[in-house]
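# Coordinates in review
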Amino acid sequence: MHVLTVLDHPTPTCFAAGAARRFIAGLKSAGHTTELADLHAEDFNPLFSLADISEEGAEDVAQEQERIARADAICLVFPLYWWGMSAKMKGWVNRVWMPNDAANQNTAPTLRDAHLNSGLMLVPAGPRSDRVERKGHAPALDTTWMLGAAGDFGALPRRLELLIGSSASEQRRDMLLDRCFTIGQTLPAPATIRKI
């Protein structure tokens, strides 16, 4: 299985980047092939523009959509900011995720066309787990992202993993990174791969 991992964080040594690296290491240990889209290292522009709705479409979006077309599964890694997606990831989703229905001109492969059969979000989150549970944030995020944004992940496994408490202690951080490795190593493969 080929897995695209999309990372949004400006600091290469941050926990989110470490989580992405450990997830990818787990994938490789299980024999999967991988590709990393590091939105900051690649200077992805998250701003929707006229180029996005032009007949030709935006070149950077077409490149991202080609990455999606090569993938059987996708993993988005981004920190939780104000109970939402980080800015570059939200811009990536807005520009790349859906076909251009308004212009109806963009014929590049899209997430919807790619028939991804497995999707995952690894989301480092600052609040303590008891606060997340008490206030009902986890189910709200699951509804918003897994049923909303990730609706095009396909009919097979999709998963939201909140990585809570990475700054609590080194032991907690290591445990969460080990969890990312295990998630990569045990990512369910699609029963049937439908490529375009």
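Keep in mind the model is a prediction, meaning the values are calculated, not measured. Sequence order sets the numbering: in each chain, residues are counted from 1 along the sequence as written. Totals for whole chains, interfaces and linings use all residues, but because this is a predicted model, local features are given only for residues with pLDDT of at least 70 and pairs of side-chain atoms are given and counted only at 80 or more. Side-chain measures here rest on the full set of heavy atoms in the structure, leaving out hydrogens and waters.

### Notes on the sheet that holds strand S4 (residues 118–125)
In short, DSSP must find at least two bridges between two strands for them to pair. Note on conventions: DSSP H or I runs of at least 4 residues are helices, E runs of at least 2 residues are strands, and numbering of each starts at the N terminus. Spatial ordering of the open sheet is given by S2-S1-S3-S4-S5, a layout of five strands whose pairing is parallel. Since the sheet does not close on itself, it has two edges, and those belong to strand S2 (33–38) and strand S5 (158–164), each with one partner. Here the average twist between neighbouring strands, direction ignored, is 15°. Sheet topology note: the strand S3 (residues 73–77)/S4 ladder contains five bridges and is parallel. Whenever a helix is involved, its axis is fitted only over the stretch in contact; in every case the axis is a line through C-alpha atoms, and angles between N-to-C directions fall within 0 to 180 degrees.

### Quick word on a nonpolar patch on the surface
On the surface, a cluster of nonpolar side chains totalling about 340 Å² of accessible area is made up of Phe48, Leu50 and Ile53. Note that Leu50 resides in the loop between S2 and helix H2 (59–70). What goes into a patch is any residue over 30% in relative accessible area without a salt bridge, connected to like charges within 9 Å or, for nonpolar side chains (Val, Leu, Ile, Met, Phe, Trp, Tyr), within 5 Å. Here, Shrake-Rupley sampling with a 1.4 Å probe gives the accessible areas, and only protein chains in the shown set may cover a residue. When a carboxyl oxygen of Asp or Glu lies within 4 Å of a side-chain nitrogen of Lys or Arg, that pair is called a salt bridge.

### Topic: the pattern of salt bridges
This model, assessed by the stated rule, comprises eight salt bridges. A salt bridge links Glu42 to Arg67; its shortest N-O distance comes to 2.9 Å. Of the two residues, Glu42 sits in the loop between S2 and H2 while Arg67 sits in helix H2, which places them 25 residues apart along the sequence. The partly exposed category is assigned to Glu42, whose relative accessible area is 37%. Here Arg179 and Glu161 are joined by a salt bridge, their closest N and O atoms 2.4 Å apart. Pair noted here: Arg179 is in helix H7 (residues 170–185) and Glu161 is in strand S5, with a separation of 18 residues, a long-range link. Three labels apply to residues, based on accessible area from a 1.4 Å probe with only protein chains included: buried if under 20% of the type maximum, exposed if over 50%, partly exposed otherwise in between.

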